[in-house]
Amino acid sequence: MAKVFLICGKICCGKSVYAKRLRVENKAVILSVDEIMLSLFGLYAGEKHDEYTERIQKYLFEKSLEIVESGTSVILDWGFWTRKKRAGAREFYKSKNVECEFHYIDIRDAVWRERIEKRNRMVTSGETTAYYLDENLEAKFMSLFEVPERAEMDVWFSE
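For every chain, the first residue of the written sequence is number 1, and numbering continues from 1 onward in sequence order. Residue-level local features of this predicted model are given only where pLDDT is at least 70; pairs of side-chain atoms are given and counted only at 80 or more, and the full residue set underlies all totals for whole chains, interfaces and linings. Hydrogens are left out, water is left out, and the side-chain values use all remaining heavy atoms of the structure.

Let us look at the pattern of salt bridges. Between Lys or Arg on one side and Asp or Glu on the other, a salt bridge is scored when a side-chain nitrogen of the former is within 4 Å of a carboxyl oxygen of the latter. Applying the stated rule across the entire model yields 14 salt bridges. Across the salt bridge formed by E149 and R83, the nearest N and O atoms sit 3.6 Å from each other. With E149 in the loop between α6 (135–144) and β5 (155–158) and R83 in helix α4 (residues 83–95), the pair connects residues that are 66 residues apart, well separated along the chain. What makes R83 partly exposed here is its relative accessible area of 34%. Helix numbering and strand numbering both begin at the N terminus, where a helix is a DSSP run of H or I of at least 4 residues and a strand a DSSP run of E of at least 2. Residue burial is assigned from relative accessible area. The probe radius is 1.4 Å, only protein chains are included, and a residue is buried under 20% of its type maximum, exposed over 50%, and partly exposed in between.

Here five strands make up an open sheet; going across it, the order is β2-β3-β1-β4-β5 and the pairing parallel. The open sheet has two free edges, formed respectively by β2 (29–32) and β5, since each of these has just one partner strand. Each neighbouring strand pair of the sheet contributes to a mean axis angle of 20°, computed without reference to strand direction. Criterion used throughout: strands pair if DSSP finds at least two bridges between them. Across five bridges, strand β1 (residues 4–8) lies against strand β4 (residues 100–106) in parallel orientation. In the sheet register, V4 faces β4, and the bridge partner there is C100. In what follows, a contact means two residues having at least one pair of non-hydrogen atoms within 4.5 Å. Helix axes are fitted only over the stretch in contact, all axes being lines through C-alpha atoms; the angle between N-to-C directions runs from 0 to 180 degrees. Across the sheet, helix α2 (residues 33–41) touches β2 and β3 (74–79), and the angle it forms with β2 is around 60°.

The topology assignment puts K84 in helix α4. Taking relative accessible area as the criterion, K84 reaches 72% and is therefore assigned exposed. Here the alpha-carbon distance between K84 and E146, two residues 62 residues apart in the chain, equals 9.6 Å.

To pair, rings of Phe, Tyr and Trp, with the six-membered ring standing in for Trp, must have centres within 6.5 Å; the planes then decide the type, stacked if under 30 degrees apart, edge-to-face if over 60, and tilted in the middle. Throughout the structure, instances matching the rule amount to 10 aromatic pairs. One aromatic cluster is present, formed by F61, W78, F80, F92, Y93 and F102 through successive ring pairs. By the criterion adopted, a ring carries a charge over it if an Arg CZ or a Lys NZ lies within 6 Å of its centre and within 35 degrees of its normal. Here the basic side chain of K10 rests over the ring of W112, its NZ or CZ set 4.1 Å away from the ring centre. Here K140 stacks its cationic end above the ring of F141, 5.9 Å away from the centre of that ring.

Coordinates in, geometry out; function isn't part of it.
In structure tokens, the structure reads:
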């Protein structure tokens with residue numbers, strides 16, 4: 001039976017790599033806000049970035065229902081940084097009678113810092129299209145991120 005996997009974790013913690021592994025294991029479709037944002041706006045969506053992100057998330061929630069109804073599982077790869085967002089997502093799927101499963105990527109600070117440095121080098125060299133994580137962007141995202149309680153997560157993946 002098709003279901004929705006929701007990937008929770010800090011920016012640059014390995015969510016997309018983890019999502020790709022889940023995709024193969026579950027023959028699922030990945031829906032990524034960053035993929036759409038970067039395709040439409042490149043690295044700079046300007047002052048409307050947060051508004052566009054919210055609109056894309058709303059669209060992908062609805063699209064995920066359509067995909068699950070067709071019999072294919074879906075992976076939502078966009079972080080779910082706050083308890084409110086996680087609870088809202090769980091309630092959304094529960095109200096639609098769609099099974100969902102939260103996966104949290106728990107990463108040690110030293111590994112996280114290495115990944116940020118690696119990603120920034122790859123962005124700078126043009127090897128990847130991703131957001132460059134400078135101190136200001138890191139501070140913004142970390143001010144928003146709420147580490148989940150174990151009870152919120154169905155799978156706790158530690159690296």
